[in-house]
Structure formats: C-alpha cells, structure tokens
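Listed below, chain by chain, are the residues.
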Amino acid sequence: MKKILVLNSGSSSLKYQLFAVDGDKYEVIAKGLADRIGIDNSFVTIKIRDGEKITKNVDIPSHQEAIREVFALLLNGALGSMSELSGVGHRVVQGGSIFKESTLVTDKVIEQIDELSSLAPLHNPAAVLGLKAMKALLPDVKQVVVFDTAFHQSMKPEAFLYALPLEQYKKHQIRRYGAHGTSHFYVAREVAKLIGKEGKIIVCHLGNGASISAVDNGKCVDTSMGFTPLAGVVMGTRCGDIDPYIPLHIMKTQGKSVDDVNHLLNKESGMLGLCGFSDNRDVENAYLAGDEDAKVATDVYIHTLLRFIGGYIAVLGGVDAIAFTAGVGENSAIIRKMVCERLSYLGIQINDEANNKRGETIEISTPSSKVKVFVVPTNEELVIAQDTVNLI
C-alpha cells in the first residue's frame, strides 16, 4: 500500500489530503489546511477519516513551517512515520506552453514554474514555495506537479491564438491557456464512463471562479478562460469576457491605474458588481425574494453560460452530454434547471427529482432526453494522487 500526500499551496494557505492507495483503490485518510501563513492568527487543521476536525492555533511564518505543522498532525494518527510517504503531488496553476502533462519535480522544473510566475502571479510563486519547502524537509521523497493548464494544451492554434501580432505569442507567450483543467479532465473522464464512450462532452465548472470546456474524444478543443482566469463566463467577482477597450477607457476617463482596474475587474465585478453578492447562495436567496438586481444578475449569468455552451456545440459539431460541477454546478438546482430549460431545443429534458439531489454523481436528464445531463462532483485531488502514483 502506498501513501500519497497531495498539496495545494496558496499565497497564505496550504490545503492537503493524504491518500492510502491499494491498487486502483484510493482512500482519503486525512485532510485539512494550514491557513493565514505569514499572517497573525494562523492555524492548521486536520480531519482523519470519520473523526472530528482538529484545529491548532500556531504561528506559521512560512510555507516550510506550514508543512512541518501538517506533518506533526499527520504523525498523530494518519502516519506512523514520514518514511511511509511514497510521494507528494502538487497542484500548480500555470504550466504555460512548457508543461503539457504532469511531471516529476526536479530543480529545473521548479525553476521553470517560477519563470512562469508572470502568467500566474498569485499562484505559481506559492506553488514554488511549497515545492521548495517539501524538498528541504523530505529531500528523498519523489514529488510530482500537476498543472491546471495541462488538459487544455491539446487545443489547436485556432482555439488558443489571439488575433494579436504573432510576436505577442512567440516572444511574450500571450495565448489562451485556460484553467481548472484538472477538474475538466476528471469530470469529462467520469462522464465518458457513464455514457459508455468518450464522445462530445461539455463540462461546466461553475464555482466562484467558473469555466466551460469542449471535450472531443477525451481531448479539450476549447475552453472559456483565457490568458488568465479573468476571461470567459461571468463569475462571482470576475467580469468574464468584456470589450477589451473597456479597461483602457476606464483608465483614460476615470483616472484609474492599472492596479485599480485589475482590482475592479477581478474583485469588484461579476455577480458582486451586478447585484452586491458574490456567493451564489446569497444571489439565489435574493432572487427568490424578488430582488430585481439579483434577477437581472442571474439572467446575465445564464445568458453567458448559454453563449459558451451553444458555441461549443457548434465547435464540437454536436453534443452527447453536458456536465455540471464545482460549487454552483454541483449545488444549484435552480441554475442547472434554468440552463437546461433554455437548451430544450436540443431535446434536453430534466428529471426534477434527480436535479434536486446533492452530493452525488447523478444523471439529471430523463431517459428520453436526446442529450444526457449529469452532475459530477469534481475531485482534483484524486487526479493529482493518481498522476503522482503513475509517475513515481
């Protein structure tokens, strides 16, 4: 039996899951996070299998110290010793055009991930910190990096190139990269099992951040997020696709700086900008209470989802299945129903009883529906664990 630790490093947090692997069976035996790294009131948590969640308030000045604290908790029940670890898998947001698949960690790989930080300034530096910290603490344990962008590297130039001077792509790496790739891969794989073929699948990863992808025979052919995760559909606080001149117009006419506009587009826009709520649960409550702004915001949200789904049906030349995943996709029966009702021209019929269930992989379309519709809880950590086992 192998034990695999999966780490997801943020700028001030470190999420983790510990898997016990026996053949094809993967079981989460512990999970938790270290939070507020380098900030006051930091803490670390753990939950072992069906046990209670334990929270420990402790000073965590660095990612290396965060990993030390995680190890201390794991050694109090989940691990007999650190020598039981067979490998460590890391989530990395941006692999650029360099990394088309998961890879074993070397000094060169860490250096390349660091060099790609300009494409993901909030995420890649944190991943580098986690990689270096783990290497310092357990130099003999093999590490694997799994990239959010890797699944989308199968896109052809017609899908990933922007109509800018080619120098912007060749010299400055400006192109569509996409995000949430590990989730899109997992969900598309699970749907393919459910329908008995890889086929033409549209995956809707709808959370506070949201993206849609078109998957043809297991390969991503298009995705809604772009050079950064700001592009695509309307999100909790991100604007999604807008006229590219709008930021320039705001800077010229309102005296705002690049940083001001960046904050406006990423943190003050989306559903928050339209109705004052970024969490879909709050939006739904306001919508059901008759709040006009929430109604308009929801209409905008549904409209933008339909634009991408409809466009991807054209790109794929048809569709066999549509899948909803992530926080909103897995939990909002209202959003799913609204989208599917607007797609009824495809012969989609929804089973309301199935659609109202939560927390499980389930087909929510009726047997007579011409396009199958599923809810599939995503599991990026499982994919990272599997890739880690395969590579070590």
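Values in this document were obtained by computation on a predicted structure and should not be read as measured data.

Caption draft 1: Fine view of the overall build of the protein. Tallying secondary structure elements over the protein gives 15 helices and 14 strands in all. Over its C-alpha trace the protein gives a radius of gyration of 21 Å, about what one expects of a compact globule, namely 21 Å for 392 residues. The C-alpha extent of the protein, read off along each of the three principal axes, is 60 × 55 × 45 Å. Taken as a whole, the protein presents about 18,400 Å² of accessible surface, with 49% of it coming from carbon and sulfur. The distance from the centre of the 41 positive side-chain charges to the centre of the 46 negative ones in the protein is 4 Å.

Caption draft 2: Just the sheet that holds strand S9 (residues 200-206), in detail. In space, the six strands of this open sheet follow the order S11-S10-S9-S12-S14-S13, with mixed pairing throughout. Taken across any chain shown, the strands that pair with only one partner, and hence form the sheet edges, are strand S11 (219-223) and strand S13 (362-363). One ladder, built from four bridges, connects strand S12 (residues 321-325) with strand S14 (residues 372-375); its direction is parallel. Paired with Ala 321 across the strands is Lys 372, a residue of S14. Contacts between helix H6 (residues 181-195) and the sheet are confined to S9, strand S10 (210-216), S12 and S14, with S9 contributing the most and set at about 135° to the helix.

Caption draft 3: Examining the packing of helix H10 (residues 280-288) against helix H13 (residues 333-342) more closely. The interhelical angle for the contact between H10 and H13, taken along N-to-C directions, is 70°, at an axis separation of 10 Å. In terms of their interaxial angle, H10 and H13 are classed as roughly perpendicular. Residues Asn 280, Glu 284, Tyr 287 and Leu 288 of H10 lie in contact with H13, whose contacting residues are Ile 334, Ile 335 and Met 338.

Caption draft 4: Representation of the nonpolar core in the model. Core analysis: the biggest nonpolar cluster contains 40 residues, and Ile 202, Ile 212, Tyr 301, Ile 309, Ile 322 and Val 339 have the highest contact counts within it. The set of elements that each furnish at least two residues to this core consists of S9, S10, helix H9 (270-275), helix H11 (292-316), S12, H13 and S14. Aside from chain neighbours lying at most four places away, what touches Ile 212 is His 184, Ile 202, Val 203, Cys 204, Asp 222, Thr 223, Ser 224, Val 233, Leu 305, Phe 308, Ile 309 and Tyr 312. Counting 30 residues, the second-largest nonpolar core is a separate cluster that includes Leu 7, Ala 30, Leu 73 and Ala 133.

Caption draft 5: Spotlight on the pattern of salt bridges. A complete count under the given rule lists 15 salt bridges for this structure. Arg 281 is paired through a salt bridge with Asp 279; the nearest N and O atoms lie 2.7 Å apart. A relative accessible area of 26% places Asp 279 in the partly exposed class. Via salt bridges that share partners, Arg 189, Glu 190 and Lys 193 belong to a single interconnected network.

How each quantity is defined
- Residues numbered from 1 in each chain as written.
- Predicted model: local features only at pLDDT ≥ 70, side-chain atom pairs only at ≥ 80, totals over all residues.
- Heavy atoms only, no water.
- Helix = DSSP H or I, 4+ residues; strand = E, 2+ residues; numbered from the N terminus.
- Rg over C-alpha atoms; globule rule 2.2 N^0.38 Å.
- Areas by Shrake-Rupley, 256 points an atom, 1.4 Å probe, with all protein chains shown as cover.
- Lys, Arg positive; Asp, Glu negative; His and termini not counted.
- Charge placed at Lys NZ, Arg CZ, Asp CG, Glu CD.
- Pairing = 2+ DSSP bridges.
- Contact = heavy atoms within 4.5 Å.
- Axes fitted to C-alpha atoms, helices over the stretch in contact; angles between N-to-C directions.
- Parallel < 35°, antiparallel > 145°, perpendicular 65-115°, else oblique.
- Core = buried A, V, L, I, M, F, W, Y, C linked by side-chain atoms within 4.5 Å.
- Buried < 20%, exposed > 50% of the residue type's maximum accessible area, 1.4 Å probe, protein only.
- Salt bridge = Lys/Arg side-chain N within 4 Å of Asp/Glu carboxyl O.

None of this, on its own, says anything about what the molecule does.
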